[in-house]
Amino acid sequence: MSTRYELLVANISDYAIYMLDTGGRISSWNAGAQRFNGISEREALGTHFSRFHTPEDREAGLPQQALATALREGRYEAEVWRVRKDGTRFWASVVIDPIFTHEGEHVGFANITRDITERKQAEEALRESEQRFRLLVQGVIDYAIYMLSPEGLITNWNLGAERIKGYAPEEVLGTHYRRFFTEPDRASGVPERALEIAAREGRYESEGWRVRKDGTQFWAHAVVDALYDDDGSLLGFAKVTRDNTEQRKAQESLEQARAALFQAQKMESIGQLTGGVAHDFNNLLAVVSNGIDILRTAPTQEASARVLDSMRRAVDRGASLTQQLLAFARQQPLAPSVHQLNRLVNGFEGVLRRAAGPLMRFEMDLDPHLRPASIDEARFEAALLNLVVNARDAMPEGGTLEVTTRNVTLAENQAGALPAGDYVRVSVADTGSGMSEEVRQRAFEPFYTTKEVGKGTGLGLSQVYGFMAQSGGAVTIDTEIGKGTTVNLYLPALEGALPEVRSMRGGREERVLIVEDDPLVMESARELFQSMGYSTVHASDAADALRTLQRDGEFDVLFSDVMMPNGMSGLDLAREVRKGYPAIKIILASGFPQADEEFSIVGKPYRLADLARQLRMG
């Protein structure tokens, strides 16, 4: 039995198996030891096994340490470099076991060595490949690349993810990736559904809004790939996200430019058609009008006179329609001049309020620093009136109608086909029924109307469109069903400022904030102050006045009725203004005789002399 065992060990060629005495000298040698180390049995026997160690290991005393460890702990195991006879090295798996007799006497060691160089090289290649891949993934900054657990928890994080989403690795590792979704998407289960589809189908791809650390949103293209092991078990997911916000904006800008070009071409062709029709129609009206005048000079019966009067009214209506057609066709010459649009709006406010009607809450929010623009005053007022009437008709049960002005900076094609630059925007907003997308897209078409027969020609918005295009501006519509409509007029802003209005106080423009809930009383007060050279701004109640002051506190005078709606009186407002804006002169108006030591009060009905007297005092 012992002989056969010795023959078995001696002939094993895949393992170097040899015996050492207690000092580490070789006492047996097998075929595997000879193959690995390149040394014959005769050369090896009696030599110290440290000959197979590298010079560095021998210098460090590792052979002796290995034997001491095996003797102390019953076993020594390591993966280390070993040296062949020809000086080449191989990576070896080494096990040294101490050998004892039945009586417990230590008589030597058994050394078993295997050449694992190929396995080591494969592992090193894999390690280097994984390292290069990690460096590649970590170095990518244009894509957020990270891993998720099967439950959706973030397990790693690259530089691109940090740059795009704004989180450092320690802020997101171990958290659920739903944190990057918008609140509506989280509420509807979009993150979980994406993982379910990826796990079921192997892949999920989508585009949508995502949220950065600072709360801003970006348009993302995202891909989720499921990762499985060799047994088909789900290990997790690979997530790749790219910020496509700029591409989306560019695409939208291109689509807007195409839509604006198409609209302009369509409106141009229809304008040429209506221009020709209007020209012929005017000629026809001239002939009919002259014939009527001739007929009216001859004796006629009473019935004939009524018919002729009806014809005259028909001619008048036709002439009015012709003017609309010509305005749309842009064949009427404009008479533009430089204006501060706030002044035009303020001067036209009484007409706009009457047009809005008694059911409307009419508000104005005018930017006090509005830049000037070049516009035909009469046509601008007609366009503004047109928009107010449309807004009123959209709110048959009443609502809020607001006219606002702002300085804006537009990007290329942000409003129609306008180039990038600075513009003045005049907006008319209502809280009415809104428009569908189909209606919005057709709103500027001539003769298109959603009103009942006899209640609209369909030329209103197309007329505004033609006027604004002729003025070098544009018109846009923001609308949503059930939430109202805002029509925006854009005109190129001009450099510089208009000449200042000279007030009664030595040539400096001064401004007054009028707080009055009655439109007629407010209009009367505005006219009185403007006659004295003041620039006026209107607020409908105390809360509206405080908002106006917070937005632009550069007022010289506050003029308010004592009796005000919505829970805050004129006196309460005056005290708040005195605390926050002590330089503003405060004048109150009251219909009841009263004296007040805090504020100047004029009695209703007041006259120009009453206001002038209070302005001179204090």
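Scoring rules and cut-offs
Residues numbered from 1 in each chain as written. Predicted model: local features only at pLDDT ≥ 70, side-chain atom pairs only at ≥ 80, totals over all residues. Heavy atoms only, no water. Helix = DSSP H or I, 4+ residues; strand = E, 2+ residues; numbered from the N terminus. Contact = heavy atoms within 4.5 Å. Buried < 20%, exposed > 50% of the residue type's maximum accessible area, 1.4 Å probe, protein only. Pairing = 2+ DSSP bridges. Phe/Tyr/Trp six-rings, centres within 6.5 Å; stacked < 30°, edge-to-face > 60°. Lys NZ or Arg CZ within 6 Å of the ring centre and 35° of its normal. Axes fitted to C-alpha atoms, helices over the stretch in contact; angles between N-to-C directions. Salt bridge = Lys/Arg side-chain N within 4 Å of Asp/Glu carboxyl O. Core = buried A, V, L, I, M, F, W, Y, C linked by side-chain atoms within 4.5 Å. Expected span 1.5 Å × (residues − 1). Arc of directions from axis to C-beta. Polar contact = N/O pair within 3.5 Å; in protein donor to acceptor, adjacent residues only side chain to side chain. pLDDT = per-residue confidence, 0-100.

Draft legend 1. Representation of the overall build of the protein in the model. Broken down by element type, the protein carries 21 helices and 20 strands. Considering only contacts within the protein whose residues lie at least 6 apart along the sequence, 56% involve residues at least 24 apart.

Draft legend 2. A look at unusual backbone geometry. Its identity as a non-glycine residue notwithstanding, Asn413 has a phi of 60°, on the positive side. Within the fold, Asn413 resides in the loop between β12 (399–410) and β13 (421–430).

Draft legend 3. Broad picture of the pairing of strand β10 (residues 360–366). Counted residue by residue, β10 has 6 buried out of 7 residues, so it is predominantly covered. Where β10 and β12 come together, 7 bridges link them in parallel fashion. The residue of β12 that forms the bridge with Phe362 is Leu401.

Draft legend 4. Layout of the packing of aromatic side chains. Overall, the coordinates contain 13 aromatic pairs when judged by the stated rule. A ring pair is formed by Phe36 and Phe90, whose centres lie 6.3 Å apart and whose planes are at 50°; its orientation type is tilted. Separated by 54 residues along the polypeptide, Phe36 in helix α2 (residues 31–37) and Phe90 in strand β3 (residues 89–100) bring together distant segments of the chain. Like Phe36, the residue Phe90 is buried in the burial classification. Here the guanidinium or amino end of Arg248 rests over the ring plane of Trp219, the centre of that ring lying 3.8 Å away. For the cation-ring pair, Arg511 lies above Phe555, with the distance from its terminal atom to the ring centre recorded as 4.2 Å.

Draft legend 5. Structural view of the sheet that holds strand β7 (residues 217–228). Pairing is antiparallel in the open sheet, where 4 strands are placed in the order β5-β8-β7-β6. The sheet terminates laterally at β5 (143–148) and β6 (203–211), the two strands that pair on one side only. Each strand of the sheet is rotated relative to its neighbour by a mean of 25°, with strand direction disregarded. As paired elements, β6 and β7 share 9 bridges and run antiparallel to each other. Paired with Gly208 across the bridge in β7 is Ala220.

Draft legend 6. Inspection of the pattern of salt bridges at higher detail. Enumeration over the complete set of coordinates arrives at 26 salt bridges. As a salt-bridge pair, Arg163 and Asp142 come within 3.6 Å of each other at their nearest N and O atoms. Remark: Asp142 occurs in the loop between α6 (117–139) and β5 and Arg163 occurs in helix α7 (residues 159–165); sequence separation between them is 21 residues. What makes Asp142 partly exposed here is its relative accessible area of 45%. For Lys483, the salt bridge goes to Glu480, with nearest N and O atoms at 3.7 Å. You can call Glu480 partly exposed: its relative accessible area is 44%. Salt bridges linked by common partners bring Arg75, Glu77 and Asp97 together as one network.

Draft legend 7. Up close: the nonpolar core. With 40 residues, the main nonpolar core has Leu341, Phe380, Leu401, Val428 and Leu489 as its most contacted residues. If near-sequence neighbours (up to four positions away) are discounted, Phe380 is found in contact with Leu341, Leu344, Val345, Ile375, Val426, Phe467 and Leu489. Residues Leu20, Ala44, Tyr76 and Ala92 belong to the second largest nonpolar core, which totals 22 residues.

Draft legend 8. Quick look at helix α10 (residues 190–201). With 12 residues, α10 should reach 16 Å at 1.5 Å per residue; the first-to-last C-alpha distance of 16 Å fits that figure. Val190, Pro191, Ala194, Leu195, Ile197 and Ala198 are the residues of α10 that are buried. Down the axis of α10, the buried side of the element spans an arc of 165°, and every buried residue falls inside it. Among the residues trailing α10, Gly202 stands out with phi positive, at a value near 90°.

Draft legend 9. Quick peek at helix α19 (residues 542–551). The set of residues buried in α19 consists of Ala542, Asp544, Ala545, Thr548 and Leu549. One side of α19 carries all its buried residues, which in axial view fall inside an arc of 160°. Structurally, α19 contributes buried residues whose contacts are with β16 (511–515), β17 (535–539) and α20 (570–580). Capping the start of α19 is the job of one residue whose side-chain oxygen sits 3.3 Å from the backbone nitrogen of Ala543: Asp541.

Draft legend 10. Representation of the side chain of Arg526 in the model. Mapped onto the elements, Arg526 comes out in helix α18 (residues 519–531). The exposure class assigned to Arg526 is buried, which follows from its relative accessible area of 5%. Side-chain polar atoms of Arg526 contact the backbone oxygen of Asn346, separated by 3.1 Å.

Draft legend 11. The arrangement of the sheet that holds strand β19 (residues 585–590) in detail. Strand order in the open sheet formed by 5 strands is β17-β16-β18-β19-β20, with parallel pairing between adjacent strands. Of all strands in the sheet, those with a lone pairing partner are β17 and β20 (600–603), marking the two edges. Going from strand to strand, the sheet's axes swing by 20° on average, the running direction of each strand aside. Of the pairings in the sheet, the one linking β16 to β17 comprises 5 bridges and is parallel in character. In the strand pairing of β17, Arg511 is matched with Ser535.

Draft legend 12. Representation of the pairing of strand β4 (residues 106–115) within the structure. Relative to β4, strand β1 (residues 16–20) runs antiparallel, the two sharing 5 bridges. Counted as the bridge partner of Ala16 is Thr113 from β4. Two elements, β3 and β4, share 9 bridges in a ladder whose sense is antiparallel. Its bridge partner being in β4, Ile96 is matched across the sheet by Asn111. Turn length for the β3-β4 hairpin, with the two strands adjacent in sequence and antiparallel, is 5 residues, and the turn residue Gly104 shows positive phi of about 90°.

Draft legend 13. Structural view of the confidence of the model for the protein. Residues with a pLDDT of 70 or more make up 75% of the protein, whose mean pLDDT is 78. With pLDDT under 50 throughout, residues 327–332 is counted as low confidence; its partners more than four residues away or in other chains account for 24 contacts. In this model residues 497–508 is a low-confidence stretch, pLDDT under 50, and it forms 25 contacts with partners more than four residues away in sequence or in other chains.

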